[in-house]
Amino acid sequence: MPSIFLSHASIDKPFVEKLAKDLKGIGINVWYDKWEIKVGEPITWKIEDGIRENEYLGIVLSPEAMNSEWVKSELSSGWVKQMQTKKIIVLPIYYRDYDIPLFLADRKYADFRIDYLQGFAELAEALGIKGSDVISKDNWR
């Protein structure tokens, strides 16, 4: 069963929560901070464990995400893991318009900016799920 850590800015949480639920609905194990970090738990250690224990790191691209120190740290950890394992780990999820950073510019991304279903299908395929029954447009928001 594929697993993904979802890195994102707080302002993008409504989108990320929907994405997390939809991924879970097709059988993906999802690490989403709201579900994984409980009151009193050490945030930094929980995030490190989440990145270490999940197969992929999905980076939700938005202006705020690329300016967030938390997201930058999570992305750095994902790159280190990718270099160590020599496997694709970091999966760009293009949510809102932003100039993609150079180190991600040559990567194919799942594009959610115009069509959620298309972006979701692209991401699901990257996670090894093909022909999945994705959510309908009627269920989006």
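Owing to the predicted nature of the structure, the values given are computational and were not obtained by experimental measurement.

1. Things to note about the packing of aromatic side chains
Moving on, step 1. All told, the structure shown has 9 aromatic pairs when counted by the stated rule.
Moving on, step 2. Ring geometry for phenylalanine 15 against phenylalanine 112: centres 5.3 Å apart, planes inclined by 80 degrees, an arrangement best described as edge-to-face. With phenylalanine 15 in helix α1 (residues 13–25) and phenylalanine 112 in the loop between β5 (110–111) and α7 (116–126), this residue pair connects regions lying 97 residues apart in the sequence.
Moving on, step 3. Residue phenylalanine 15 is classed as buried on the basis of its relative accessible area of 0%.

2. Describing the side chain of serine 7
Moving on, step 1. Here serine 7 lies in strand β1 (residues 3–7).
Moving on, step 2. In contact with serine 7, not counting residues within four places along its chain, are Leu57, Gly58, Ile59, Val60, Val71 and Glu74.

3. Let's talk about the nonpolar core
Moving on, step 1. If you look at the biggest cluster of nonpolar residues, it comprises 25 residues, and the most contacted ones within it are Ile4, Phe15, Leu19, Leu23, Phe112 and Leu123.
Moving on, step 2. The set of elements that each furnish at least two residues to this core consists of β1, α1, β3 (56–61), β4 (90–94) and α7.
Moving on, step 3. Among residues more than four places away in sequence, those in contact with leucine 23 are Ile4, Ile28, Val30, Phe120, Leu123 and Leu127.
Moving on, step 4. The next biggest cluster of nonpolar side chains, apart from the first, holds 17 residues, and it includes Ala65, Met66, Ile89 and Val90.

4. A look at the sheet that holds β1
Moving on, step 1. Pairing in this open sheet of 5 strands is parallel, and the strands run β2-β1-β3-β4-β5 from one edge to the other. The strands lining the two open edges of the sheet, one partner per strand, are β2 (29–31) and β5.
Moving on, step 2. Looking at chain direction, β3 and β4 are connected through 5 bridges and run parallel. When the bridges of β4 are listed, isoleucine 59 appears paired with proline 92.
Moving on, step 3. Running at roughly 175 degrees to β1, α1 makes contact with β1, β2, β3 and β4 of the sheet.

5. Focus on α7
Moving on, step 1. For α7, the set of buried residues is Tyr116, Leu117, Gly119, Phe120, Leu123 and Ala124. All buried residues of α7 project into a common sector of 160 degrees when viewed along the axis, lining one side.
Moving on, step 2. The inward-facing, buried residues of α7 abut α1, β4 and β5.

6. Let's talk about the packing of α1 against α7
Moving on, step 1. Direction vectors running N to C along α1 and α7 enclose 55 degrees, while the axes themselves pass 12 Å from each other. Taken together, α1 and α7 sit at an angle that is classed as oblique. Here α1 and α7 pass one another in a crossing that is right-handed. The residues of α7 that touch α1, namely those facing Phe15, Lys18, Leu19, Asp22 and Leu23, are Tyr116, Phe120 and Leu123.

7. Some points on the pattern of salt bridges
Moving on, step 1. Throughout the structure, instances matching the rule amount to 12 salt bridges.
Moving on, step 2. Here arginine 96 ties to aspartate 12 by a salt bridge, and the two come within 2.8 Å at their closest N and O atoms. Note that arginine 96 is positioned in the loop between β4 and α6 (102–105) and aspartate 12 in the loop between β1 and α1, a separation of 84 residues in sequence.
Moving on, step 3. Among the residues examined, aspartate 12 registers a relative accessible area of 2% and is labelled buried.

Conventions used here
Residues numbered from 1 in each chain as written. Predicted model: local features only at pLDDT ≥ 70, side-chain atom pairs only at ≥ 80, totals over all residues. Heavy atoms only, no water. Phe/Tyr/Trp six-rings, centres within 6.5 Å; stacked < 30°, edge-to-face > 60°. Helix = DSSP H or I, 4+ residues; strand = E, 2+ residues; numbered from the N terminus. Buried < 20%, exposed > 50% of the residue type's maximum accessible area, 1.4 Å probe, protein only. Contact = heavy atoms within 4.5 Å. Core = buried A, V, L, I, M, F, W, Y, C linked by side-chain atoms within 4.5 Å. Pairing = 2+ DSSP bridges. Axes fitted to C-alpha atoms, helices over the stretch in contact; angles between N-to-C directions. Arc of directions from axis to C-beta. Parallel < 35°, antiparallel > 145°, perpendicular 65-115°, else oblique. Left-handed = near helix turned anticlockwise from the far one by under 90°. Salt bridge = Lys/Arg side-chain N within 4 Å of Asp/Glu carboxyl O.

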